[in-house]
Amino acid sequence: LPARNAHLEDWKKLVYDCANPQGSVTIAIVGKYVDLKEAYKSLHEALIHGGVANRVSVNLRYVNSENVDDSNVAATFAGCDGILVPGGFGSRGLEGKMAAIRYARENGLPFLGLCLGMQMAVIEFARHKLGLPMANTTEMDPDTPDPVIGLMEDQNLENLGHTMRLGKYRCELTPGTVSAKAYGETEIWERHRHRYEFNNDYRERFEKAGMVVAGRNPERDLVEIVELPDHPFFVAVQYHPEFKSRPNRPHPLFRELIGAAMKHQKEHNA
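Since the model is a prediction, treat every value here as computed from it, not as a measurement. (Residues numbered from 1 in each chain as written. Predicted model: local features only at pLDDT ≥ 70, side-chain atom pairs only at ≥ 80, totals over all residues. Heavy atoms only, no water.)

Draft legend 1. Fine view of unusual backbone geometry. In this structure, Asn5 is a non-glycine residue whose phi angle is positive, near 55°. The topology assignment puts Asn5 in the segment before helix H1 (9-19). The exposure class assigned to Asn5 is exposed, which follows from its relative accessible area of 70%. Unusually for a residue other than glycine, Asp221 sits at a positive phi of about 55°. With respect to the helices, strands and loops of the structure, Asp221 is situated in the loop between strand E10 (212-217) and strand E11 (222-227). (Helix = DSSP H or I, 4+ residues; strand = E, 2+ residues; numbered from the N terminus. Buried < 20%, exposed > 50% of the residue type's maximum accessible area, 1.4 Å probe, protein only.)

Draft legend 2. Local environment of the pairing of strand E3 (residues 82-85). On E3, burial covers both faces: Gly82 and Leu84 on one face and Ile83 and Val85 on the other are all buried. Relative to E3, strand E1 (residues 24-31) runs parallel, the two being bridged by three bridges. Paired with Ala28 across the bridge in E3 is Ile83. With respect to chirality, the unit in which E3 leads through helix H4 (residues 94-107) into the neighbouring parallel strand E4 (residues 111-114) is right-handed. (Pairing = 2+ DSSP bridges. Right-handed = clockwise from strand over helix to strand, strands pointing away.)

Draft legend 3. Region of interest: the pairing of strand E8 (residues 187-194). Burial along E8 is one-sided: Ile188, Glu190, His192 and His194 are buried, and none of Glu187, Trp189, Arg191 and Arg193, which face the opposite way, are. Pairing between strand E7 (residues 165-173) and E8: eight bridges, direction antiparallel. When the bridges of E8 are listed, Arg170 appears paired with Trp189.

Draft legend 4. Just the environment of Gly108, in detail. Tracing the backbone through its elements, the reader meets Gly108 in the loop between H4 and E4. On the basis of relative accessible area, Gly108 is assigned to the buried category, the value being 15%.

Draft legend 5. Quick look at a positive patch on the surface. A contiguous patch of positive charge, built from Lys168, Arg191, Lys244, Arg246 and Arg249, is present on the exposed surface. Here Arg246 shows up in the loop between strand E12 (234-237) and helix H8 (252-269). (Patch = residues over 30% accessible without salt bridge, like charges linked within 9 Å, V, L, I, M, F, W, Y side chains within 5 Å. Areas by Shrake-Rupley, 256 points an atom, 1.4 Å probe, with all protein chains shown as cover. Salt bridge = Lys/Arg side-chain N within 4 Å of Asp/Glu carboxyl O. Lys, Arg positive; Asp, Glu negative; His and termini not counted. Charge placed at Lys NZ, Arg CZ, Asp CG, Glu CD.)

The structure is reproduced here in structure tokens:
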């Protein structure tokens, strides 16, 4: 077909940047579906988009969370410039995800948590910073004494399909946070696919200990983003930003994760 008024300059630049990276970074994806890498295809692409935005190639290291614990976590992530913990369902591999998150938090390694990854970041912080060793999500332990993640009061598990938050929801960003600076705005819309939520009864304790609520859904006062401001890059979100990333419009959080990974690499190779 004849091309009419085709404006390909942006795409030509995209192709050039992909073919001529100015460096590379290694990002670990820590999950339990790593044997079927297609399960993380949208994450893979979003990370590549973030690399294009920073003119670097992105090497992906898939890490089975079932094989990670405190005894091998340092060796597992040696040479990594960042860690991403994605979503998922079920209890398998969760302790490994939390070991990875703790390592990233304590060692200044750039970290991005998505959906269940955000919930694991909250639980890890509660256990090791708030002094709540039995903190958990009621999805995994209905009898936990500290349900920092749980169901909202109006949710009914007898009809599972109707209890999930699905689709696009509004999020108000806290000015001055990493997320607000990344997005360049104070109101965003992101896509969700989850059921359990941050327990607001614990919000004040988290904030006093240094975990900032950087984004919330104003209609239901639900925590959507948490950050650690004293960390080079530690952001965890309840939604799925990878669904909105495009080659010519990289998602801001993936762009910033790769940028932080580049900085981490430069500082540690100096």
